[in-house]
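Summary of the model geometry
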Amino acid sequence: MAAINELISQIDNAELRERIQKEVDKLSKQKKFGLVFEEHLPECTPLYDIPVRRGAKVALKTGKVNNFYTVLKLDGEKAICIKQGEQDAVEFNVADLVTIAEFGEPIYPYLKPIDTVCNAPDSDLWHTLIEADNYHALQLLEYLYAGKVDCIYIDPPYNTGAKDWKYNNDYVDGNDTYRHSKWLSMMQKRLKLAKKLLNPQDSVLIVTIDEKEYLHLGCLLEEMFPESKMQMISTVINPKGNRRDSEFSRCEEYIYFVYIGKAAIISNGTDMLREIAENKTVNSKDKPVRLRALLRQASNHGKRTDRPNLFYPLLFERDTGKFVGPGSVLDIAKDRNSYKAPKGMVAMWPIGANGTELTWNLQPTTLMDKHRQHFLSFGRWDGEKRTGYYLSEGQEENFKKGLYNIVGQDHDGAYIIALKSSKNQDIRPMTIWHKKSHSASEYGTALLNNIFSDRRFSFPKSVYAVKDTIQFFVANNPDALIVDFFAGSGTTLHAVNLLNAEDGGHRRCILVTNNEVSDAENKALTAKGYKPGDPDWEKLGIAHYVTWPRTVCSMEGHDINGNPLKGNYLGSDLSMSDGFKANAAFFKLGFLDKNAVALGRQFKEMLPTLWMKAGAHGPCPVIGEDKIPKILMLPENHFAVLTEENAFSQLEQELDKNPEIETVYIVTDYEPGYCAMAKGLKVKHTYQLYRDYLDNFRLNTGRN
């Protein structure tokens, strides 16, 4: 429309110009049925890593990124520039400019390490946070994980009309006639890339939204995923209601689920079944209840050194295997082999499969209380041990509510219980969710304030709402890969860590967020003379000021000032101050100057990307400025790189010595040679890398 209006303005005949303008205005008010949006609205990318030089396209750091100029020449600290379609040159300070790339122009990414949090040095579980415009991050993730993502959960900007989201580096005004079109254009481009990430055999896309755009979003999803099932549910996130002038108070929002391939909800996937089981229409047909394992996992502060007071023997009769009771807690300084079990009995200790000394989940007194109430059960006796299970605190509450049936007792007297279900079929959550723990104010804002003590982020999701939502699809997949490219405050990663802690899973989460500052901070920083890219500006951006600090604090179990977090997570005995046994790496997506990529530093810039593609095992490796070896073996990271083809036989020998290696990258421009070498390697994955960095990673072209 802007182009048409510009052409109309060039008509000399005033009467004709007015008549044509009126007809165009009429046409612009007509709406087609379905989606109407500008599919090719351009997006520009600021490239802070690339210096301003002659011929480059640049924009003012404090201006709109789409309002760009071409540099005619540089004169010291000044840049002489000209705008397309204009004849007069203008002069700017080079320090006020940023190089930009228009949509469609190739850009060359790299992951710049910013920070790490390592709260589980013995674990190779590493989550990642990427500071980036999510469009370009999705392009990179396509290279890394095309068809490998199990779950995408996003909470995009809701386009409420408030200044809560940006488009083309500028806030979208609520009165903008094309506000909905811009939102749809922004979402379509990102969902198109997201679709390529999802496992086509079995995965799910989850998108939350409110009433402003849910109709448009539904049409867009149906258009983009015609081969998939789709369902929308309503969820109460504000039980008190959000007052609207002269309107009904809004208390709910909506969640779209796109079922890819054979994806289906797991009926025993979340604690939401408790609410469903309370339904009076449920009859007495039975469904087994899964008890909690008595042995605490190492990833959940389960080592003997973590909780010495939970390291004690369980005593069983040697001949029958009958449970007798717990022995005394063994002092941390004593060897368990020094303990002598009473005559006729066998002592069973909490020992992991690899021989690590772990702990039980219960204190001895609590364990005996469970036994007396018939809530403690043991598996088959093999002459040395029996696997222990018990009814968790939350399950005990369900038992007291009458949600379970006692269908028998085992030979130890433990109750065999089952969940009341309807007509002996799976219980499925309904399409309207109303759960107290999903309240955004109590379990989103309040939880975040517990970490920061000040309001740094508006309207965060309840961590339990996110956990319940994704758990329906990943409960039976402990190694699921979960992506959130509208990360916001980082609730999704928090929820994944909580889910892993509860069931011992090893799910990995990738967050993507930009580093925008709020509208108020934007004005305040601008008034002080700061510009985007300045350290004082960037430190207040959401990635550095909210998402990453929350990740660190929730994993280490303290607030922003180092004080232990208070309370337990709902429905479990997990203390917030214990944090989570996991690790995370923080990267910034940067862009390299294609004219200045030195061959000697290519490999160094590529390494974090290769680490992610190989599964992000262990800490991200770092190499110095020295010459790159012919073979780089990284057993801790489960991958290796062959940089010189003539060292292939040596690589095979090294792989025999390092069975941990699962991925091998082979640097060669000769594809038949790569295929021959890859065929002979006994590893899970092989990938070809070209000698020229620019041939390996080119974004913005050929991927749309």
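Summary of the structure given here. (Residues numbered from 1 in each chain as written. Predicted model: local features only at pLDDT ≥ 70, side-chain atom pairs only at ≥ 80, totals over all residues. Heavy atoms only, no water.)

Applying the stated criterion to the full structure yields 25 salt bridges. A salt bridge links D578 to R307, with the shortest nitrogen-to-oxygen separation between them at 2.6 Å. In this pair, D578 sits in the loop between α14 (542–556) and β29 (583–592) while R307 sits in the loop between β17 (295–296) and β18 (314–317), placing the two residues 271 residues apart along the sequence. Using a relative accessible area of 21% as the deciding quantity, one classes R307 as partly exposed. Note that K435 is salt-bridged to D468, the shortest N-O span being 3.0 Å. Remark: D468 occurs in helix α10 (residues 463–474) and K435 occurs in the loop between β26 (432–433) and α9 (440–452); sequence separation between them is 33 residues. Via salt bridges that share partners, E211, K212, R250 and E252 belong to a single interconnected network. (Salt bridge = Lys/Arg side-chain N within 4 Å of Asp/Glu carboxyl O. Helix = DSSP H or I, 4+ residues; strand = E, 2+ residues; numbered from the N terminus. Buried < 20%, exposed > 50% of the residue type's maximum accessible area, 1.4 Å probe, protein only.)

With that settled, the discussion passes to the sheet that holds strand β33 (residues 685–689). Across the sheet, four strands lie side by side as β30-β31-β32-β33; this open sheet has mixed pairing. Across the chains shown, the open sheet's two edge strands, defined by having one partner strand only, are β30 (631–634) and β33. Averaged over all pairs of adjacent strands, the angle between strand axes in this sheet comes to 15°, irrespective of strand direction. With five bridges joining them, strand β32 (residues 663–667) and β33 adopt parallel strand pairing. When the sheet's bridge partners are listed, V664 is paired in β33 with T686. (Pairing = 2+ DSSP bridges. Axes fitted to C-alpha atoms, helices over the stretch in contact; angles between N-to-C directions.)

Along the chain, R386 falls in the loop between β22 (376–378) and β23 (388–390). On the basis of relative accessible area, R386 is assigned to the buried category, the value being 3%. A distance of 2.8 Å separates the side chain of R386 from the backbone oxygen of G321, its partner in a polar contact. Side-chain polar atoms of R386 contact the backbone oxygen of F378, separated by 3.3 Å. Once residues lying within four places of it in the same chain are set aside, the contact partners of R386 are F316, G321, K322, F323, M348, F378, G379, R380, W381, H411 and D412. (Polar contact = N/O pair within 3.5 Å; in protein donor to acceptor, adjacent residues only side chain to side chain. Contact = heavy atoms within 4.5 Å.)

Here we come to the packing of aromatic side chains. Per the stated rule, a full pass over the model turns up 23 aromatic pairs. Ring centres 6.2 Å apart and planes at 55° place the aromatic pair F257 and W433 in the tilted group. Of this pair, F257 sits in strand β14 (residues 252–261) while W433 sits in strand β26, and the two are 176 residues apart along the sequence. With respect to class, F257 is no different from W433; both count as buried. (Phe/Tyr/Trp six-rings, centres within 6.5 Å; stacked < 30°, edge-to-face > 60°.)

What follows is about unusual backbone geometry. Even without glycine at this site, H374 takes up a positive phi of about 70°. In the Ramachandran plot, A616 falls in the positive-phi region, its phi being about 55° despite a non-glycine side chain. Mapped onto the fold, A616 is located in the loop between α15 (599–613) and β30.

What follows deals with the sheet that holds strand β13 (residues 229–236). The mixed open sheet is built from ten strands, whose spatial order is β7-β29-β8-β28-β27-β9-β12-β14-β13-β26. Of all strands in the sheet, those bounded by a partner on one side alone are β7 (108–118) and β26. Helix-sheet contacts for α10 involve β9 (151–154), β12 (202–209), β14, β26 and β27 (481–484), and the interaxial angle to β9 is about 160°.

By secondary structure assignment, the location of Q395 is in helix α8 (residues 393–401). Using a relative accessible area of 11% as the deciding quantity, one classes Q395 as buried. Polar contacts involving the side chain of Q395 include one to the main-chain amide nitrogen of S392, which spans 2.9 Å.

Here we come to the environment of P564. Its location among the elements puts P564 in the loop between α14 and β29. Residue P564 is classed as exposed on the basis of its relative accessible area of 56%. Counting along the chain gives 15 residues from P564 to G579, while the straight-line C-alpha distance between them is 9.4 Å. Discounting chain neighbours no more than four positions away, the residues touching P564 are G557, H558 and S577.

At a minimum axis separation of 10 Å, helix α11 (residues 491–503) and α14 run at an interaxial angle of 20°. Between α11 and α14, the crossing angle belongs to the class labelled roughly parallel. Here α11 runs over α14; the crossing is right-handed. Between α11 and α14, the residues in contact are T491, L493, H494 and N497 and R550, T551, S554 and M555, respectively. Considered class by class, the residues forming the contact of α11 with α14 number two nonpolar, five polar and one charged. (Parallel < 35°, antiparallel > 145°, perpendicular 65-115°, else oblique. Left-handed = near helix turned anticlockwise from the far one by under 90°. Nonpolar A, V, L, I, M, F, W, Y, C, P; charged D, E, K, R; others polar.)

Before going further, it helps to examine the packing of α9 against α14. Running from N to C, α9 and α14 point in directions that differ by 80°, and their axes come no closer than 10 Å. Judged on the interaxial angle alone, α14 and α9 are roughly perpendicular. Between α9, through L447, L448, I451 and F452, and α14, the contact on the second element is made entirely by Y545, V546, P549, R550 and C553. Looking at the contact of α9 with α14, its residues break down into eight nonpolar, no polar and one charged.

Another aspect to go through is the pairing of β9. Residues C151 and Y153 point to one face of β9 and I152 and I154 to the other, with burial holding for every one of them. Bridging between β9 and β12 involves four bridges; their strand directions are parallel. Directly across from Y153, in β12, lies its bridge partner I206. Relative to β27, β9 runs parallel, the two sharing two bridges. Each bridged residue has a counterpart across the sheet, and for C151 the counterpart in β27 is I482.

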